[in-house]
Amino acid sequence: MTQDELKQAVARAAIEYVPAGEIIGVGTGSTANFFIDELGKIKDRIKGAVASSEATATRLRAHGISVLDLNEVESLSVYIDGADEITAQGAMIKGGGAALTREKIVASVAKQFVCIADGSKLVDVLGAFPLPVEVIPMAHAAVARALKALGGEPKLRAKDGQPVLTDNGCYILDVSGLRIAAPAELENRINNIVGVVTVGLFAQRGANVGLLGTGEGVKKLTF
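As a starting point, this report considers the structure included with it.

Cut-offs and rules
Per-chain numbering applies: the sequence of each chain, read as written, is numbered from 1 onward. Note on the predicted model: pLDDT of at least 70 is required for a residue's local features to be given, and 80 or more for side-chain atom pairs to be given and counted; whole-chain, interface and lining totals, by contrast, use all residues. Water and hydrogen atoms were dropped before computing side-chain values, which therefore reflect all heavy atoms in the structure. For this analysis, a nonpolar core means a set of buried residues of the types Ala, Val, Leu, Ile, Met, Phe, Trp, Tyr and Cys, connected via side-chain atoms within 4.5 Å. Any residue under 20% of the maximum accessible area for its type is buried, any over 50% is exposed, and the rest in between are partly exposed; the area is computed with a 1.4 Å probe on protein chains only. In this description a helix means any DSSP run of H or I spanning at least four residues, a strand means any run of E spanning at least two, and both kinds are numbered starting from the N terminus. Between any two strands, at least two bridges found by DSSP are needed for them to pair. In this analysis, axes come from line fits to C-alpha atoms, helices being fitted only over the stretch in contact, and the angle between any two N-to-C directions falls in the range 0 to 180 degrees. Contacts are assigned to residue pairs that have any heavy atoms within 4.5 Å of one another. Note on terminology: angles under 35 degrees are roughly parallel, angles over 145 are roughly antiparallel, angles of 65 to 115 are roughly perpendicular, and the others are oblique. Left-handed describes a crossing whose near helix is turned anticlockwise from the far helix by less than a right angle; the clockwise case is right-handed. Polarity classes work like this: nonpolar for Ala, Val, Leu, Ile, Met, Phe, Trp, Tyr, Cys and Pro, charged for Asp, Glu, Lys and Arg, and polar for all others, with Gly in that last group. Pairing of aromatic side chains here covers Phe, Tyr and the six-membered ring of Trp, requires ring centres within 6.5 Å, and sorts the geometry by plane angle: under 30 degrees stacked, over 60 edge-to-face, intermediate tilted. We call a charge positioned above a ring when the Lys NZ or Arg CZ atom is no farther than 6 Å from the ring centre and deviates by at most 35 degrees from the ring normal.

Membership of the largest hydrophobic core comes to 26 residues, with the highest contact counts inside it found for Phe35, Leu39 and Leu211. Taken together, the elements giving at least two residues each to this core come down to α1 (3–14), β1 (23–26), α2 (30–39), β2 (48–51), α3 (54–62), β6 (113–118) and β14 (209–214). Formed by 21 residues, the second largest nonpolar core is a distinct cluster that contains Val133, Leu178, Ile190 and Val199.

What follows is the structure, encoded as structure tokens:
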């Protein structure tokens, strides 16, 4: 199976976790896009969705799904999103799609986090994928120095020679060279660096369920 076929398989499997008559949270990225396409087929079963990015909101609306502001919602039954890496304990690196802050906010109010990914994203230790850190633009050099002091190699994410801007108008530093044995501890430590908006470690609030696409079918993990 191709990687896209694996993503499509887990997207279909995730529909089982969508409760009827409720509002759900929807993530950002290629796997989340497959899920949105599947969600469009059952859009009449849900009240609507809270999007973790402008791109996700646009795709949801294109399928005729009502998009709500998080401030209008007290809680979400489920948040469904992908991951760049996930461990057997449910800790994740997210942010490859530059939506880590809004993803973390939406996930924080959901009763359940369902992570959908192809099986290659399951790792023993986080860190092979560069760790995204969203930063206030004026602080990116200072934050980069602090991240280097932690043993990482931060690089400002750029496209066509210009810094990539998040939906919040911020920059992203991608930090390579880390072997993250204690993700919850590192998450707290990086979040406390002045100038950091948030780090793409989802360990303090990790996944509850992992649906991983493999050549033998969708593998389910519970955390």
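Here the narrative resumes.
Next up on the list: the sheet that holds strand β12 (residues 196–199). Strand order in the open sheet made by the four strands is β8-β11-β7-β12, with antiparallel pairing throughout. In the strand order of this sheet, the two ends are held by β8 (153–156) and β12, each with one partner. Each strand axis lies, on average, 30° off the axis of its neighbour in the sheet, ignoring direction. Relative to strand β11 (residues 171–176), strand β7 (residues 131–135) is paired through five bridges, and the arrangement is antiparallel. Each bridged residue has a counterpart across the sheet, and for valine 135 the counterpart in β11 is tyrosine 171. Of the strands in this sheet, β7, β11 and β12 touch helix α4 (residues 100–108), which is tilted by about 65° from β12. Across the face of the sheet, helix α5 (residues 140–149) comes into contact with β7, β8, β11 and β12 while running at roughly 15° to β11.

The next point concerns the environment of isoleucine 136. The residue isoleucine 136 is located in the loop between β7 and α5 in this model. A C-alpha to C-alpha distance of 9.9 Å links isoleucine 136 and threonine 198, two positions 62 residues apart in sequence. Excluding residues within four positions of it along the chain, isoleucine 136 makes contact with Cys170, Gly195 and Val197.

It is worth spelling out the sheet that holds β6 at this point. Taken together, six strands build an open sheet; the order of strands is β2-β1-β3-β6-β14-β15 and the sheet is mixed. Two strands close off the open sheet at either side, each with one partner strand: β2 and β15 (217–222). When strand polarity is set aside, the average angle formed by the axes of neighbouring strands in this sheet is 20°. Sheet topology places β1 next to strand β3 (residues 79–81); two bridges connect them, and they run parallel. From the neighbouring strand, glycine 25 faces β3, where its bridge partner is tyrosine 79. Against the sheet, α4 touches β1, β2, β3 and β6, its axis set at about 150° to β3.

What follows covers the packing of α2 against α3. Viewed as axis vectors pointing N to C, α2 and α3 meet at an angle of 25°, and their least axial separation amounts to 9 Å. Classified by the interaxial angle, the pair formed by α2 and α3 is roughly parallel. Handedness of the α2/α3 crossing: right-handed. Mapping the contact onto sequence places Asn33, Ile36, Asp37 and Leu39 in α2 and Thr56, Arg59 and Leu60 in α3. Tallied by class, residues from the contact of α2 with α3 come to three nonpolar, two polar and two charged.

What follows concerns the packing of aromatic side chains. Taken as a whole, this structure holds one aromatic pair when the rule is applied. Measuring from ring centre to ring centre gives 5.1 Å for tyrosine 79 and phenylalanine 113, while their planes differ by 90°; the resulting arrangement is edge-to-face. Linking tyrosine 79 in strand β3 with phenylalanine 113 in strand β6, this pair joins segments that are 34 residues apart in sequence. The class for tyrosine 79 is buried, based on a relative accessible area of 0%. Under the relative-accessibility criterion, phenylalanine 113 is labelled buried at 0%. Taking the ring centre of phenylalanine 202 as reference, the NZ or CZ of lysine 94 above it sits at 5.5 Å. Across the ring face of phenylalanine 202, the terminal group of lysine 104 is positioned such that the distance to the ring centre comes to 5.0 Å.

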